[in-house]
Amino acid sequence: MKKRLQFTLFILFIGLCFGFAEAQEFQITFSGGVNHVFEYGSENDYELGKNDFPVTPAHTPLNFGAAFAYYLTDKIAIKLDGKYISASKITVTDPSDNDTAKINTSKHFSITLNFIYHFSGGRLRPYFVLGGGIDKLLAKEENYISEYGYEITFLVPEKTVDPMGQVGGGVYFFLSSSIGAEFDVRYVLIFSKQDNVSSLGAYLGIFIRF
């Protein structure tokens, strides 16, 4: 009886393995879009000579990315996603005297591992995405002249790598069995030591399956 049970379980295991093997697919995606970063920081964090411009206003930088997905089944995939977020021009304000300065935000690079679930098959496939990873700040020391004529130096933060999480969804549109287009929307949260940074991104991409 025990041997029969072991044999039955072995046959089921082999069947599952073949089932997964037949469903395994790879997908490469190239995308671009925008990330609307919400305002962060507080005037209460103002420190003379250390944090003269404590509030970072909302801004919308461009971003470009590439991703590699491995499909475990027709509806479930694991996706490794890399994105480069460009600099954006913003105006910051010194709350002590209302002096302002026009500066560039720092560039970013992020890598995340994501779980993808497709709600349906066919040519149009909506999906849910949940994942997390790290964000790398590509900062460098910058010098600017404020509206009042003061020279301002923005130093590189001590910590430039932070954990991040994201959740969202999108839809794949298959032009053929192996080529298609993607529209994706994600809410992103970077867990920074000083200020958590949240954003809402929208991306368009093209993908190839093989």
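Throughout this document, residue positions are counted from 1 along each chain, in the order its sequence is written. At least 70 in pLDDT is required for a residue's local features to be given in this predicted model, at least 80 for side-chain atom pairs to be given and counted, and no such filter applies to totals for whole chains, interfaces and linings, which use all residues. Each side-chain value is worked out from all heavy atoms of the structure, with water and hydrogens disregarded.

Trainee: It is not clear to me how the packing of aromatic side chains should be interpreted in this structure. Could you clarify?
Mentor: To pair, rings of Phe, Tyr and Trp, with the six-membered ring standing in for Trp, must have centres within 6.5 Å; the planes then decide the type, stacked if under 30 degrees apart, edge-to-face if over 60, and tilted in the middle. One pass over the full model with this rule turns up 9 aromatic pairs. Plain terms: the ring middles of Tyr144 and Phe154 are 5.8 Å apart, the flat faces sit at 75° to each other, and that makes the pair edge-to-face. Highlighted residues: Tyr144 in strand β8 (residues 142-145) and Phe154 in strand β9 (residues 151-154), separated in sequence by 10 residues. Type-normalised accessible area, obtained with a 1.4 Å probe on protein chains alone, sets the label of each residue: buried when under 20%, exposed when over 50%, and partly exposed for intermediate values. Under the relative-accessibility criterion, Tyr144 is labelled buried at 13%. A relative accessible area of 23% means that Phe154 is categorised as partly exposed. An aromatic cluster is built from Phe26, Phe68, Tyr70 and Phe210, whose rings are joined through pairwise contacts. A ring has a charge above it when a Lys NZ or an Arg CZ is no more than 6 Å from the ring centre and no more than 35 degrees off the ring normal. Seen from the ring of Tyr203, Lys83 lies directly overhead, with NZ or CZ sitting 4.4 Å from the centre. Secondary structure counts use DSSP, requiring at least four H or I residues in a row for a helix and at least two E residues in a row for a strand, with both numbered from the N terminus.

Trainee: Would you explain the sheet that holds strand β1 (residues 25-37) in this entry?
Mentor: To summarise the sheet geometry, strands pair through backbone hydrogen bonds and adopt either a parallel or an antiparallel arrangement. Should DSSP find at least two bridges between two strands, the strands are regarded as paired. Strand order in the closed barrel formed by 8 strands is β1-β2-β3-β6-β7-β10-β11-β12, and the pairing between neighbours is antiparallel. Between one strand and the next, the sheet's axes are offset by a mean angle of 25°, whatever the strand orientation. Across 10 bridges, the pairing between β1 and strand β2 (residues 62-71) is antiparallel. Its bridge partner lying in β2, Val34 is registered against Leu62. In this analysis an axis means a line fitted to C-alpha atoms, helices contributing only their contacting stretch, and an angle means the value between N-to-C directions, from 0 to 180 degrees.

Trainee: Help me understand the nonpolar core, please; the structure alone is not making it clear to me.
Mentor: For this analysis, a nonpolar core means a set of buried residues of the types Ala, Val, Leu, Ile, Met, Phe, Trp, Tyr and Cys, connected via side-chain atoms within 4.5 Å. Residues Ala69, Tyr71, Ala77, Ile116, Tyr127, Val129, Tyr172, Phe174 and Phe207 constitute the largest nonpolar core, which totals 9 residues. For this analysis, residues touch if any pair of their heavy atoms sits within 4.5 Å. Apart from the residues within four sequence positions on either side, Tyr127 is in contact with Ile116, Tyr117, His118, Phe119, Gly168, Gly169, Gly170, Val171, Tyr172, Glu182, Phe183 and Asp184. Within the second largest apolar cluster, 7 residues are counted, among which are Ile90, Val92, Ala101 and Ile103.

Trainee: How should the pattern of salt bridges be read in this particular structure?
Mentor: Proximity of charged atoms lets side chains of opposite charge pair with each other. A carboxyl oxygen of Asp or Glu within 4 Å of a side-chain nitrogen of Lys or Arg is what we treat as a salt bridge. Taken as a whole, this structure holds 6 salt bridges when the rule is applied. One salt-bridge network, held together by shared partners, links Asp81, Lys83, Asp184 and Arg186.

Trainee: What is the right way to read unusual backbone geometry from this model?
Mentor: Apart from glycine, the bulk of residues carry a negative phi angle, and the bulk of peptide bonds sit in the trans form. Positive phi is not limited to glycine here, since Asn98 has a value of about 65°. Along the polypeptide, Asn98 turns up in the loop between β4 (89-93) and β5 (100-104).

Trainee: Which parts of the structure should I look at to understand the pairing of strand β6 (residues 107-118)?
Mentor: Strand direction decides the pairing type here: strand β3 (residues 76-85) and β6, joined by 10 bridges, are antiparallel. Bridging across to β6, Tyr84 finds its partner in Phe109. In this structure, β6 lies alongside strand β7 (residues 124-138), joined through 12 bridges in antiparallel fashion. Opposite Phe115, over in β7, you have Leu130 as the bridge partner.

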